[in-house]
Amino acid sequence: MTLKILYFAGLREAIGSGAENIELPAGIGTVGALRELLGRSHPELLSTKNLRAAVNQRMAGMDAPVADGDEVAFFPPVTGG
Amino acid sequence: MEVSVQPEDFDTGAEIAALSAGDDGAGAVASFVGLVRHDGHVAAMTLEHYPGMTEAALTDIVAQAGQRWMLRRVRVIHRIGRLLPGERIVFVGVSSGHRGDAFAACEFIMDYLKTRAPFWKKEETPEGTRWVDARESDDHAARRWSDGMAG
């Protein structure tokens with residue numbers, strides 16, 4: 001009953017890790033709530049401007065639902081092309 | 001409809017030729033090639049991506065283009081890893097019956113790729129490395145496709 005969390009680019013470097021698995025606590029039902037929770041140990045999640053997220057490899061807003069087994073990624077705005 | 005995410009360079013001429021090879025109905029091929037600009041102090045840049053999501057995001061963007069315009073073939077190649085000034089980063093090629101669809105779809109795919117595909121550029125300069133900031137103008141360019149200003 002875990003969640004896979006991924007970080008990319010500058011956020012990954014600031015946190016010092018690209019991935020972690022966490023137990024999904026009761027009451028955490030959205031990407032935004034997860035961000036607040038993880039932000040307690042990784043304040044960069046709260047300070048990154050225009051933070052973006054993906055759930056199961058699809059772009060997701062902060063109000064998107066998260067559930068057991070999901071892969072949730074946080075990253076700065078993309079700069080490809 | 002084919003997308004590739006790869007460290008290797010690509011042959012622009014061969015990719016353009018393949019878009020209409022053996023297809024009598026193709027009347028237009030439009031393409032875009034993005035390069036690492038010679039930008040004074042930038043010695044190189046490294047492209048990071050989100051394996052799995054990157055391919056899915058590009059495939060979704062191409063599918064959206066296919067719903068908006070009458071397209072015959074689409075090819076997208078995006079390089080990853082360390083690239084030097086002057087090197088090719090990205091190729092978008094589209095074939096269609098008439099030029100309007102090819103031009104528009106090519107620009108749409110690039111605009112959406114810039115704001116929706118999970119790539120990040122990191123520049124190497126004499127002062128150290130730094131992650132490239134997203135540009136607001138890229139968001140504006142992508143947004144106009146849903147604002148009825150184009151497409």
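Throughout, a residue's number is its position along its own chain's written sequence, starting from 1. For this description, chains carry letters from A and ligands carry numbers from 1, given in the order in which they are written. Reporting in this predicted model follows two pLDDT cut-offs: at least 70 for local features of residues, and 80 or more for side-chain atom pairs to be given and counted; totals over whole chains, interfaces and linings ignore these cut-offs and use all residues. Think of the side-chain values as coming from all heavy atoms in the structure, minus any hydrogens and water.

A. Expanded view of the packing of aromatic side chains. The pairing test for Phe, Tyr and Trp rings, Trp by its six-membered ring, is centres within 6.5 Å, and the orientation test on the planes gives stacked under 30 degrees, edge-to-face over 60, and tilted for anything in between. Within this structure, the stated rule accounts for nine aromatic pairs over all chains. In this structure an aromatic cluster arises from ring pairing among F8 and F75 of chain A together with Y50 and W120 of chain B. We call a charge positioned above a ring when the Lys NZ or Arg CZ atom is no farther than 6 Å from the ring centre and deviates by at most 35 degrees from the ring normal. Across the ring face of F10 of chain B, the terminal group of R88 of chain B is positioned such that the distance to the ring centre comes to 5.8 Å. The positively charged end of R116 of chain B is found above the aromatic ring belonging to Y112 of chain B, 3.9 Å away from the centroid.

B. Local environment of the interface of chain B and chain A. The contact rule is simple, with two residues in contact once any of their heavy atoms fall within 4.5 Å. Residue-level contacts link 27 residues of chain B with 20 residues of chain A. Of the roughly 1,800 Å² buried between chain B and chain A, counting both surfaces, carbon and sulfur atoms make up 56%. Area buried by chain B at its contact with chain A is led by Y50, M53 and W120 of chain B, which between them contribute 36% of it. Here a salt bridge means any side-chain nitrogen of Lys or Arg lying within 4 Å of a carboxyl oxygen belonging to Asp or Glu. Along the contact surface separating chain B from chain A lie two salt bridges. The residue R12 of chain A makes a salt bridge to E48 of chain B at a minimum N-O spacing of 2.4 Å. Every helix listed is a DSSP run of H or I at least four residues long, and every strand listed is a run of E at least two residues long, numbered separately from the N terminus. Of all elements in the fold, only β3 (44-49), α2 (53-68), β6 (88-96), α3 (99-116) and β7 (119-125) of chain B reach the threshold of two or more residues within the side of chain B that touches chain A. Of all the elements, α3 of chain B adds the most residues to the side of chain B that touches chain A, at five residues. In this description, buried area is defined as the sum, over both parts, of the accessible area (probe of 1.4 Å) that is lost when the two are combined.

Shape is all these values report; function is a separate question.
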